[in-house]
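Coordinates in review
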Amino acid sequence: EHYMIRVRFAHTGPWPGWAQTDWFYKPELAGGGALMDMAVHALDIVQVFCGSITAVSGRTATLRKNIALDDNVVAILEFGSRCMGYIECGWTSPSGFVGIEIMGDNGAIVSDYIKNKCVMQCGVISASGQNEMKEFVLKDGISAGGAWGREMRYFTGHLECGEPFCPGIHEGKETLRAVLAAYESSRTGKRIEL
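A brief look at the structure comes next.

Criteria and cut-off values
Residues numbered from 1 in each chain as written. Predicted model: local features only at pLDDT ≥ 70, side-chain atom pairs only at ≥ 80, totals over all residues. Heavy atoms only, no water. Salt bridge = Lys/Arg side-chain N within 4 Å of Asp/Glu carboxyl O. Helix = DSSP H or I, 4+ residues; strand = E, 2+ residues; numbered from the N terminus. Buried < 20%, exposed > 50% of the residue type's maximum accessible area, 1.4 Å probe, protein only. Phe/Tyr/Trp six-rings, centres within 6.5 Å; stacked < 30°, edge-to-face > 60°. Expected span 1.5 Å × (residues − 1). Bend = angle between axes of the 7 residues up to and from the residue. Contact = heavy atoms within 4.5 Å. Core = buried A, V, L, I, M, F, W, Y, C linked by side-chain atoms within 4.5 Å. Axes fitted to C-alpha atoms, helices over the stretch in contact; angles between N-to-C directions. Parallel < 35°, antiparallel > 145°, perpendicular 65-115°, else oblique. Left-handed = near helix turned anticlockwise from the far one by under 90°.

Here we look at the pattern of salt bridges
In the structure shown here, the tally under the stated rule is six salt bridges. For Glu88, the salt bridge goes to Arg8, with nearest N and O atoms at 3.0 Å. You can see Glu88 sitting in strand 4 (residues 84-90) and its partner Arg8 sitting in strand 1 (residues 2-10), a full 80 residues away along the chain. Judged by relative accessible area, which is 28%, Glu88 ranks as partly exposed. We classify Arg8 as buried; its relative accessible area is 10%. One salt bridge connects Lys26 with Asp22, and the closest N-O pair in it is separated by 3.5 Å. Judged by its relative accessible area of 27%, Asp22 falls in the partly exposed class. Bridged by salt links that share partners, the residues Glu78, Arg191 and Glu193 form one connected network.

Let's talk about the packing of aromatic side chains
What the rule picks out here adds up to six aromatic pairs. Look at Phe155 and Phe165: their rings are 5.6 Å apart centre to centre, the planes differ by 20°, and that puts the pair in the stacked class. Pair noted here: Phe155 is in helix 3 (residues 146-161) and Phe165 is in the loop between helix 3 and helix 4 (169-188), with a separation of 10 residues, a long-range link. Take Phe155: its relative accessible area is 39%, and that puts it in the partly exposed class. Pairwise contacts between aromatic rings join Trp18, Trp23 and Phe24 into one cluster.

Structural notes on helix 2 (residues 34-50)
Helix length check: helix 2 (17 residues) gives 22 Å between terminal C-alpha atoms against 24 Å at 1.5 Å per residue, within 8%. Of all the bends in helix 2, the largest measures some 40° and sits at Val40. Along helix 2, 12 of the 17 residues are buried, which leaves the element largely enclosed by surrounding structure. Ala34, Leu35, Asp37, Met38, Ala39, Val40, Ala42, Leu43, Ile45, Val46, Gln47 and Cys50 are the residues of helix 2 that are buried. Where helix 2 is buried, its residues touch strand 1, strand 2 (55-61), strand 3 (72-78), strand 4, strand 5 (99-104) and helix 4. At the exit of helix 2 stands Gly51, carrying a positive phi of roughly 90°.

Let's talk about the nonpolar core
Core analysis: the largest hydrophobic core is formed by 38 residues, its most contacted members being Leu77 and Ile87. Of all the secondary structure elements, the ones that give two or more residues to this core are strand 1, helix 2, strand 3, strand 4, strand 5 and helix 4. Ranked by residue count, the leading element in this core is helix 2, at 10 residues. Leave out the neighbours within four places in its chain, and Leu77 touches Leu43, Val46, Ile53, Ala55, Val56, Met84, Gly85 and Ile87.

Quick look at the packing of helix 2 against helix 4
Look at helix 2 against helix 4: their axes get within 9 Å of each other, and the N-to-C directions meet at 125°. The orientation of helix 2 relative to helix 4 falls into the category oblique. Read as a crossing pair, helix 2 and helix 4 show a hand that is right-handed. Residues Leu35, Met36, Val40, Leu43, Asp44 and Gln47 of helix 2 form the contact with helix 4, whose participating residues are Glu171, Glu174, Thr175, Ala178, Val179, Ala182 and Tyr183.

What follows is the structure, given as structure tokens:
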């Protein structure tokens, strides 16, 4: 059973860069900043692994870019009483860890997006300093076409056979509720229960 999850998604922002225009930075078009653009994916992922988010304490800020939207977000998430986590997402990070960490009673799984590797770490670390941690590679490298190729194969395959998508509309609605709760928490300084 897992009890903690951390997701960090960060890069230098959509424009200039991979986006063709600056629409990401216009509130009336984008609807939100880094929280709406990047953290939404982190919120999707944590719910796949941990279940429904039951409370959010969030802080959004515009730290580095001269824009009308948030360029960074940090949020503490609760999943009932036995699991919690946090996400950190932003448009101002040229380097650092990007990926997912899931901690459980018997170890951790770390998916490092930069190293393109997923590992499991388990063992014993004692207060006396005894360290008997072992690391096992679960996945090293990605298949042909990369992540985008896999996403497109999934999408077109499900269109062809008519199977429902996962995550679907219900999960999308729950993620949007968490995004809006994080914005409300940032605005009010309060923990928001879902």
